[in-house]
Every structure is written in structure tokens, then in C-alpha cells.
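Summary of structural features
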Amino acid sequence: MNENQNNNNEQIEELDINHLMQIRRDKLKELQEQGKDPFEITKFNRTNTAGQIKANYEQFAEKDVTIAGRIIAKRIMGKASFCTIQDCDEKIQSYVSINDLGEESYKAFKTFDIGDIIGITGFVFKTRTEEISVHAKEVTLLSKSLRPLPEKFHGLKDPDLRYRQRYTDLIVNPEVKESFVIRSKIISNIRKILDEKGYLEVETPILNTISGGASARPFITHHNTLDLDMYLRIALELNLKRLIVGGIDKVYEIGRVFRNEGMDIRHNPEFTELELYAAYEDYNDMMDITEEIFSRTAQEILGTTKITYQGQEIDLTPGWKRITMIDSIKEACGVDFNQITSDEEAVALAKERGIEIPDKTKETRGDVISLFFDEYVEKTLIQPTFIYEYPVEISPLAKKCPNNKKMTERFEVFIAGREYGNAFSELNDPIDQYERFKKQVEAKEAGDEEAAMMDEDYINALEIGLPPTGGLGIGVDRLVMLLTDAASIRDVLLFPTMKPINNP
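Note that the coordinates shown come from a computational prediction; the quantities given were computed from them, not determined experimentally.

Along its length, the chain carries 17 helices and 19 strands. Once the C-alpha set of the chain is aligned to its principal axes, its extents read approximately 90 × 55 × 55 Å. When burial is assessed residue by residue, the chain has 48% of its 504 residues classed as buried. Looking at the chain alone, contacts between residues at least 24 apart form 65% of all its contacts between residues at least 6 apart. A total accessible area of about 25300 Å² is found for the chain, and carbon and sulfur atoms account for 48% of it. In the chain, the 64 positive side-chain charges and the 88 negative ones have mean positions that sit 6 Å from each other.

Shown next, in the form of C-alpha cells:
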């Protein structure tokens, strides 16, 4: 089919939709003229849901119920009809006849459209084919659907339409709801685990005068009253550690963070992050709690710690592999950065291997180590793996390793070739932290839009005194993707960011 034919078909479909929408508006106008405007109904007292009735038929058989939902199917057969409604948890059939409703009400019922929301009062029974149904005694139109459901014209599988119109996606593809039910259970289970361990859940500001806590390009907004530019938070970290300074020894937050970066199947400009901090612990303790969060959540939600993600068998049972970043590179490509001690040697090796260093300010041994890891290692990490001891150049908030000042007590956890969490033994030396912030400021002034800003108040907090602390961040959306076998982050966000349709 050529482009002109496609355009013609789209125009015909649009005309058909407009015609059907006009018919529905005409029906609404007629109801309003009769004093039967469904939009004037403010409440409907339903007694049960379809799921309750179908799961407990013996309890409901031959008893009166009142249900409500959206018409998704309808079959008119003269003086008797069947319709199927879908409510919050199930579909259920209803038998509707002129003998039960009366001539006027039955005539009105026959004019109802697919998509209309109705209430039904009647008794529960089984049809000759053993289908649990409701024999209607009364049918009430509760809301008129003025637009046909999109599947009639555009199909149900168009992901762009599904993400833009999640409301219709949930109607037409009710199985989609299960992923979001699981998402809610995952977050509840994380809270349960942390609450059991004595962590206090807190809320910290989304708007800040400084962007900090991670290396990322921020969203900038403006506060009119203060005439002040402000930043949507890119991480939860610095404010949570201020609370550790204040004497709250275990804190966590599950909240939205915002990064003004690219979009793909793993990245959305706003996403949900878990961050937790515990005084008197280190990054080894954070490895332990990471294993527990992932394994217990999988066991609780899925009933097993052995899952399949995009065709790959993955075992989340605790006891995950732990290996340094340098050793993982050596395993993958034979390069041993313990033998490469200068920036010049590292940069020369990168050029020899054809690895491009995208920014002149990042021509350091630490940055090259990170690039080698990205190139040779990350995609190979299918089973859960902790990669630890990261270069200090890419870890401005992590404590240096006591036995190797060029590396930090930091780890990231990888599963199925993707990073799921990031953790540190937190840097609590205010002098060292100030110097690292200065280097970040220099990088920003040199054009690095992801570099951190100087946070004088955070330095002040460290000068008051931060105890030895372990901190952990987990991408909640990626965890949901893992446990629902979702290929794209958009499949686990109810309202993912989308480019407006009218933008060229």
C-alpha cells in the first residue's frame, strides 16, 4: 500500500469516527431533552464487582446484586439481549430482556453504545453454557461514551497510541493493568522490607536551588516570587545524607527524579528511584540489602527467585557474584589496569583499541577504565553481579578505598546486561568532598553539562559531622521491568513522556 492510499484510508477512518461521534452526541442530546442526562448522576451504589461474583458463584447464585462497568460487547436479539461489561477487575455477562425492563427501558438499552458505562441490578445465574451472568432487572446509563474505543479504527497493538492514551489501553487491553498491579506490590514490598529493618521513610524537596547528588543534566525552572532559577532534583542523595548528619540513622525515600537527557527503552526523563542510607554501615552492607530487596520481592510477588527476562534465565537467589571493575575488564578483554598507572598510558590504550573519549576533560585513567567497562563488560553481565571499586574520577560522592586512593568504595549491580543499582561507602570527609566538588565545577565550566555543582550547605553539613554511612540507589522502574518481563520502560510507566503529536 502506497503513502497516498494510507492517507486516504486515514481520512476515511477519520470521517467514520466523526460520523459515529455525531451519532453519539445526538443520542446524548435526546436523553437530555427527555430529562435523562446521564452526566447528572452523581453516585451509584454498586454492591459487588464482577471478580467477586465470578470467584464466589455459590455464594451469589440466585441472589440480587448491583454491578457497574463499561459495555465492551453487546448482542441484540429482538426482545432479549446480552451485553458484557468490564469493571475494575473482571468482565461479566448480563441477560437483558423486555419482560424484565419494560418496553421503554429496553428500548433505551438497545440504543446504548460500546464504551458506555452502565449500572445493572439483577440476580446471578448460569446460562446453559455455564457462563456466570447477571439477569438484569434494571439497567441505568451512568456515563455516555462520546468517542468510539480506538481499536475499531486504529488497532490495539500500536505502542505509540497505547502510551499516549493509557486510559484506552487499559480498557482495550485489560491485561496491561496486571503490570501496574505488580508495580504497586513491588513498591509496597520494598517499603515492608525497609520498615522491618528500622528505616524511616521521608520526603525531600523536588525543587532545589542546586542540582546535585548525581552526574546528570538537570531540568531548570524559575520561581517567580523569588526571581530564582531552580532545578528539579536529579537524585535524592544529598538531602537524605543531611538527615543522617541530623541523627536519623536509617532513612529512605521512594520518589520521582528528573534528568534532562535522552529517551530510549531504558530511560524516561522522569523516573522513580529508591535511595536509602544507613549510618555505621558500608557498601558491603549495601550489597547484602540489595540482594535481599531483589530476591525477597521476586519471591513475594512471583513466588520464585528464578525468573525469565526477555528469554534469559536469571537466578536472583542471594549469593551474587562480586568482582572489581578492573578485574571484570581483565576477565572480558585481557587488559589489566592495575598495570596502567598514568592518564597518558590509559588514553593511548583507548585510542589503540578504538575507544573514543567523548570529552577532553575526561582523558583520565579513571574515565578510560569506565569506558572500557562500558565497551567490554556491561553487556556480558547476565546473572546478578556486583561490580565494585570504581575510579574516583567518576565517583565524586564515594569514599576512597583505604588501600587504593585512585578507587572508591562504590558498586553498581548489573542484571541482564543493565545497571539496576548504585551504592557507596559515603564520602564523609568535608575537605575531600570540597575538592571533588571543585573539580566537578571546573568540568561544568569546561562544558560538561552533567557535572555536579558546588553545594556549600552540604559541605557545611559534612563539617558538622557525617558518620560512616552506606548508601544505595535502585531504579524502581527497571526492577519492575525485570519482574514483569517488560522490554521497555514505557511498559511500566502509566504515563511515559511522549513527544506531542503536533510537533514536527
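That was the structure; now back to the text.
Looking at helix α13 (residues 343-352), one finds that the buried residues are Ala346, Val347, Leu349 and Ala350. Projected onto a plane normal to the axis of α13, the buried residues spread over an arc of 160° and lie on a single side. Of the exposed residues in α13, the ones pointing more than 90 degrees away from its buried face are Glu344, Lys351 and Glu352. Contacts from the buried residues of α13 go to α14 (365-376).

Between side chains of opposite charge, pairing is possible as soon as their charged atoms come close. Taken as a whole and assessed by the stated rule, the structure comprises 30 salt bridges. We note a salt bridge from Asp113 to Lys144, for which the minimum N-O separation is 2.6 Å. Of this pair, Asp113 sits in the loop between α5 (103-110) and β4 (117-126) while Lys144 sits in the loop between β5 (132-143) and α6 (151-154); the two residues are 31 residues apart in sequence, bridging distant segments of the chain. Residues Arg242 and Asp455 are paired through a salt bridge, measuring 3.1 Å at the closest nitrogen-oxygen approach. In this pair, Arg242 is assigned in helix α10 (residues 237-245) and Asp455 in the loop between α15 (430-445) and α16 (456-465), connecting sequence segments 213 residues apart. Among the charged side chains, a network of salt bridges with common partners joins Arg24, Lys27, Asp113, Asp116 and Lys144.

What follows is about the environment of Glu275. By the secondary structure assignment, Glu275 is in strand β11 (residues 270-279). Under the relative-accessibility criterion, Glu275 is labelled buried at 4%. Within the structure, the side chain of Glu275 is placed 3.0 Å from the backbone nitrogen of Leu236, a separation counted as a polar contact.

This next bit is on α16. When we look at burial in α16, the residues that qualify are Tyr458, Ile459, Ala461 and Leu462. The buried side chains of α16 occupy one side of the element, clustering within an arc of 155° when seen end-on. Those residues of α16 that are exposed and aimed more than 90 degrees away from the buried face are Glu463 and Ile464. The inward-facing, buried residues of α16 abut α10 and α15. Capping the start of α16, Asp455 holds a side-chain oxygen 3.3 Å from the backbone nitrogen of Asp457, two or three residues further along.

Okay, the packing of aromatic side chains next. Applying the stated criterion across every chain yields a total of 13 aromatic pairs. Feature note: the residues Phe294, Trp320, Phe386, Phe411 and Tyr420 constitute an aromatic cluster, connected by ring pairs. Sitting above the plane of the Phe109 ring, Lys74 keeps its charged end 5.1 Å from the centroid. Stacked on the ring of Tyr57, the Lys or Arg Lys126 has its end atom at 4.7 Å from the ring centre.

Moving on, we get to the sheet that holds strand β9 (residues 228-232). One open sheet accounts for 3 strands, arranged β7-β9-β8; its pairing is antiparallel. In this open sheet, the two edge strands, each paired with only one partner strand, are β7 (207-208) and β8 (220-223).

Ranked by internal contacts, the top residues of the largest apolar core, which has 43 residues, are Leu274, Leu276 and Ile293. Per-element tally for this core: the top contributor is helix α11 (residues 283-302), with 7 residues. Leu276 has contacts with Leu194, Tyr199, Val251, Tyr252, Met286, Ile289, Ile293, Gly470, Gly471 and Leu472, leaving out every residue within four places of it along the chain.

Looking at the chain as a whole, its pLDDT mean stands at 92, while 95% of the residues score no less than 70. This model gives residues 1-12 a pLDDT under 50, and the stretch forms 2 contacts once residues within four places in sequence are excluded.

The next point concerns unusual backbone geometry. In this model, Asp227 sits at a positive phi of 50°, which is unusual for a non-glycine residue. Unlike most non-glycine residues, Glu389 shows phi in positive territory, near 60°. For Glu389, the location among the structural elements is in strand β15 (residues 385-391).

Our focus in this paragraph is a negative patch on the surface. Taken together, the side chains of Asp343, Glu344, Glu345 and Glu393 make up a negatively charged region of the molecular surface. Summarising the element assignment, Glu393 is placed in the loop between β15 and β16 (400-401). The class for Glu393 is partly exposed, based on a relative accessible area of 33%.

Let's shift gears to the sheet that holds strand β3 (residues 91-97). The strand order around the closed barrel formed by 5 strands is β1-β2-β3-β5-β4, and the pairing between neighbours is mixed. Put simply, the sheet's adjacent strands are angled 55° from each other on average, direction ignored. Of the strand pairs in this sheet, β3 and β5 are connected by 3 bridges, and their pairing is parallel. Paired with Ser94 across the strands is Val134, a residue of β5.

Definitions and cut-offs
Residues numbered from 1 in each chain as written. Predicted model: local features only at pLDDT ≥ 70, side-chain atom pairs only at ≥ 80, totals over all residues. Heavy atoms only, no water. Helix = DSSP H or I, 4+ residues; strand = E, 2+ residues; numbered from the N terminus. Buried < 20%, exposed > 50% of the residue type's maximum accessible area, 1.4 Å probe, protein only. Contact = heavy atoms within 4.5 Å. Areas by Shrake-Rupley, 256 points an atom, 1.4 Å probe, with all protein chains shown as cover. Lys, Arg positive; Asp, Glu negative; His and termini not counted. Charge placed at Lys NZ, Arg CZ, Asp CG, Glu CD. Arc of directions from axis to C-beta. Salt bridge = Lys/Arg side-chain N within 4 Å of Asp/Glu carboxyl O. Polar contact = N/O pair within 3.5 Å; in protein donor to acceptor, adjacent residues only side chain to side chain. Phe/Tyr/Trp six-rings, centres within 6.5 Å; stacked < 30°, edge-to-face > 60°. Lys NZ or Arg CZ within 6 Å of the ring centre and 35° of its normal. Pairing = 2+ DSSP bridges. Core = buried A, V, L, I, M, F, W, Y, C linked by side-chain atoms within 4.5 Å. pLDDT = per-residue confidence, 0-100. Patch = residues over 30% accessible without salt bridge, like charges linked within 9 Å, V, L, I, M, F, W, Y side chains within 5 Å. Axes fitted to C-alpha atoms, helices over the stretch in contact; angles between N-to-C directions.

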